[in-house]
Amino acid sequence: MSQGRPEDDLTRFCCLNEACPDHGKRGAGNLTAPMRYGPQRRRLLRCRTCRARFSQRKGTPLLGTRLPHERALAVLRHLADGCGVRQTGRLVGVDKDTVVRYGLKAGGHAARLHDELVAFSPQDDEGAAG
Ligand SMILES: [Zn+2]
């Protein structure tokens, strides 16, 4: 029952239910991986303490860096304007690493991605003769 395969190491994960007594405790032994899902065979984790279920992916720190839409837009806007990573982080008020992450996600096409995002809001300087 409790034979541990290396790939089944659950100590990196913790319960994400804030109401759970074992919330945030890594390696507390409260997590099980009863099944897998999806093409990548990600694990569905389950907390024995509160019986909450969540995906393996949710347990990774990657999700913690997600910014609100507005902030993300601001980051991309600054990057598109040619601001450096440090400057962008300072102006928008986010961590430098987060800026890098978003910059990479945009894949050097920050300007285009920015245009796509802005397309949802009215733009009045388009076509205005300068
Ligand atoms: Zn729990």
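In this report, the structure presented in the accompanying data block is examined. Remember, predicted model here, so these are calculated numbers, not experimental data. (Residues numbered from 1 in each chain as written. Predicted model: local features only at pLDDT ≥ 70, side-chain atom pairs only at ≥ 80, totals over all residues. Heavy atoms only, no water.)

### Focus: helix H2 (residues 85-92)
Applied cut-off: Burial classes: relative accessible area under 20% of the type maximum marks a residue as buried, over 50% as exposed, and values in between as partly exposed (1.4 Å probe, protein chains only). What counts as a helix is a DSSP run of H or I of at least four residues, what counts as a strand is a run of E of at least two, and both are numbered from the N terminus. Directions drawn from the helix axis to the C-beta atoms are what define this arc.
Along H2, the positions that sit buried rather than exposed are Thr 88, Gly 89 and Val 92. Each buried residue of H2 lies within a common arc of 100° when the element is viewed along its axis, so the set occupies one face. For H2, the exposed residues lying more than 90 degrees away from the buried face are Arg 86, Arg 90 and Leu 91. Trailing H2 by a residue or two, Gly 93 shows a phi angle of about 85°, which is positive.

### Overview of the sheet that holds strand E2 (residues 42-47)
Where we set the bar: Whether two strands pair depends on DSSP finding at least two bridges between them. Only C-alpha atoms enter the line fits that serve as axes; for helices the fit covers just the stretch in contact. Angles between N-to-C directions range over 0 to 180 degrees.
Sheet architecture is open: 3 strands sit in the order E1-E2-E3, paired in antiparallel fashion. The sheet is open, and its two borders are formed by strand E1 (31-37) and strand E3 (53-55), each paired with just one other strand. With strand direction ignored, the average angle separating the axes of adjacent strands in the sheet is 30°. Sheet analysis places E1 next to E2, joined by 5 bridges and oriented antiparallel. Its bridge partner being in E2, Arg 36 is matched across the sheet by Arg 43.

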